[in-house]
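Residue strings, one per chain:
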2 protein chains.
Amino acid sequence: MSKIKVSAFSVSLDGFGAGPNQDLQNPLGLRGLELHGWLLKSAVFQALHGGSGGTRGVDNELAARSFENVGAWIIGRNMFGPVRGPWSANETGDSWNGWWGDDPPYHVPVFVLTRHPRPTLVMKGNTTFYFVTEGIASALEQAKAAAQGQDIRIGGGVSTIRQYLTAGLIDEMHLALSPVALGEGENLFAGLSLPALGFTTSQMSFGEEAMHVILSHASKK
Amino acid sequence: MSKIKVSAFSVSLDGFGAGPNQDLQNPLGLRGLELHGWLLKSAVFQALHGGSGGTRGVDNELAARSFENVGAWIIGRNMFGPVRGPWSANETGDSWNGWWGDDPPYHVPVFVLTRHPRPTLVMKGNTTFYFVTEGIASALEQAKAAAQGQDIRIGGGVSTIRQYLTAGLIDEMHLALSPVALGEGENLFAGLSLPALGFTTSQMSFGEEAMHVILSHASKK
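Residues numbered from 1 in each chain as written. Chains lettered and ligands numbered in written order. Predicted model: local features only at pLDDT ≥ 70, side-chain atom pairs only at ≥ 80, totals over all residues. Heavy atoms only, no water.

## Re the relation of the copies chain A and chain B
Note on the chain copies: they are related by a rotation about an axis and a translation along it.
So, point 1. Of the transformation placing chain A onto chain B, the axial shift is 0.0 Å and the rotation is 180 degrees, giving an RMSD of 0.0 Å. Classification of the inter-copy transformation places it as that of a two-fold axis.
So, point 2. Interface overlap between copies: 100% of the residues of chain A at the interface are likewise at the interface in chain B, consistent with a symmetric, same-surface contact. (Least-squares fit on C-alpha atoms with pLDDT ≥ 70 in both. Contact = heavy atoms within 4.5 Å.)

This is the structure we're talking about:
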């Protein structure tokens, strides 16, 4: 059955999924890159960027799994880019096509949550960005239709995941805990109780640079 | 040089060092035991309780290290017991001698932070509990004098560690992150920034059931 899932989502040991002050130079916020060491070094990630090296252990295996059977993504606007306010109101404006160049690593429909309408953006490699202004339920409905029975991956960032979590719409979360403290940024857990939301740990494994935990919703085990 | 350190302190993936509602039946709060799987199964812990089995991998090695070169402990009153208010005001009262029986696993002086005075308590096996009503700085001073050049271990719980952290008095913290979410209880990180307090990750290793991270204070590296 099709799942709604969070995959390979990196979190600091103190609960932050991104650093503060995201901007053009810091897509993941200050020090945000440090959360992703396990992923950035993996062969899967290196291959996405045309490389042939990288680690081939547990971290890599879980990175690979995170891309399997994904029929559509949903992401927040800040995961799509640093633009705030109306798309045309600042220097990058409508010309902002995401952080990933002409051929983004999605290769399926991606639904971007935003309050600011924008025409659909067709990229190379089968990635299409749809800008959804009607809220998370609408984005999910559209993503389900697009995914044709495959899973929906809620990509992030923290705010998007928290919205889907509190709405009870997530079946499974794979978190990768990195051994660094950030101290500030976007906190995934603050004020939320995963157990109260129905989640318990269903799998765990240690990679080379992260602890991987899969939390499943009670209704989906 | 003598260090002031937190060792083998278990934390859930969402930052809790103990569950809620500590009482006589739940010394670590509800579900608190789940944070300590890595420790409870270790040969070191089993031996402390007269057993001869247990794991002998990385988790066990770090459990063993947590007891090395400790000249004195400082613990909060709730780590010592479930008694609240004056010692004699409830059923266990003055007769409460800690969770650990006649021969507690400390074998050195232990300074217990409390607002309620109580005579020093001498136990078997060289453990003596001193009840300190003059605050954390006084407890540290007394512990240093007692430790005779060995390290001071800030045992916990969360509130005690946070008090010493924010006072800038901790040199090193070994946290053991367990792959479970608690959702409620005593949060070690909420409202604190370890980097702002001067801590960065100096070592990490994966055990069988926990991710071990050692954070060191900038002044002590």
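## Quick word on the environment of Thr 120 of chain B
Residue and element names in this part refer to chain B.
So, point 1. With respect to the helices and strands, the residue Thr 120 is situated in the loop between strand E4 (109-113) and strand E5 (121-122).
So, point 2. Placed 78 residues apart in sequence, Thr 120 and Gly 198 show a C-alpha to C-alpha distance of 35 Å.
So, point 3. Those residues in contact with Thr 120, other than ones at most four positions away along the chain, are Thr 128, Phe 129 and Tyr 130. (Helix = DSSP H or I, 4+ residues; strand = E, 2+ residues; numbered from the N terminus.)

## Points about the packing of aromatic side chains
So, point 1. Per the counting criterion, the structure on display carries 25 aromatic pairs over all chains.
So, point 2. Aromatic pair Phe 80 of chain A and Trp 87 of chain A: ring centres 5.9 Å apart, planes at 80 degrees, arrangement edge-to-face. Here the two residues Phe 80 of chain A and Trp 87 of chain A agree in accessibility, since each one is buried.
So, point 3. Pairing Trp 87 of chain B with Phe 131 of chain B gives two aromatic rings, centres 5.4 Å apart and planes at 70 degrees, and the pair type is edge-to-face. Of this pair, Trp 87 of chain B sits in the loop between helix H4 (77-80) and E4 while Phe 131 of chain B is found in strand E6 (residues 128-132), placing the two residues 44 residues apart along the sequence. (Phe/Tyr/Trp six-rings, centres within 6.5 Å; stacked < 30°, edge-to-face > 60°. Buried < 20%, exposed > 50% of the residue type's maximum accessible area, 1.4 Å probe, protein only.)

## Considering the interface of chain A and chain B
So, point 1. Counting residues at the interface gives 26 residues for chain A, matched by 26 residues for chain B.
So, point 2. Between chain A and chain B, the buried area comes to about 1,900 Å², and carbon and sulfur atoms account for 76% of it.
So, point 3. Summed over the three residues of chain A that lose the most area to chain B, namely Leu 13, Pro 179 and Phe 206 of chain A, the buried surface amounts to 30% of that side.
So, point 4. Joining chain A to chain B, the criterion identifies 0 salt bridges.
So, point 5. If you look at where chain A meets chain B, you find 2 residue pairs in polar contact (both at pLDDT 80 or more). (Buried area = accessible area lost by both parts, 1.4 Å probe. Salt bridge = Lys/Arg side-chain N within 4 Å of Asp/Glu carboxyl O. Polar contact = N/O pair within 3.5 Å; in protein donor to acceptor, adjacent residues only side chain to side chain.)

## Some thoughts on the side chain of Asp 14 of chain A
So, point 1. By the secondary structure assignment, Asp 14 of chain A is in the loop between strand E1 (4-12) and strand E2 (16-18).
So, point 2. We note that Asp 14 of chain A is buried and unpaired, the nearest opposite charge coming from Arg 31 of chain A at a distance of 7.4 Å.
So, point 3. Separated by 3.0 Å, the side chain of Asp 14 of chain A and the backbone nitrogen of Leu 182 of chain A make a polar contact.
So, point 4. Dropping the residues within four chain positions of it, Asp 14 of chain A is found in contact with Val 180, Ala 181, Leu 182, Gly 183 and Asn 187 of chain A together with Phe 189 of chain B. (Lys, Arg positive; Asp, Glu negative; His and termini not counted.)

## Things to note about the pattern of salt bridges
So, point 1. For the coordinates displayed, the defined rule picks out 11 salt bridges over all chains.
So, point 2. As a salt-bridge pair, Arg 65 of chain A and Glu 61 of chain A come within 3.1 Å of each other at their nearest N and O atoms. One end of the pair is Arg 65 of chain A and the other is Glu 61 of chain A, both in helix H3 (residues 58-66) and 4 residues apart, which spans about a single turn.
So, point 3. Owing to a relative accessible area of 35%, Arg 65 of chain A belongs among the partly exposed residues under this scheme.
So, point 4. The exposure class assigned to Glu 61 of chain A is partly exposed, which follows from its relative accessible area of 46%.
So, point 5. Here Lys 5 of chain B makes a salt bridge to Asp 151 of chain B, at a shortest N to O gap of 2.9 Å.

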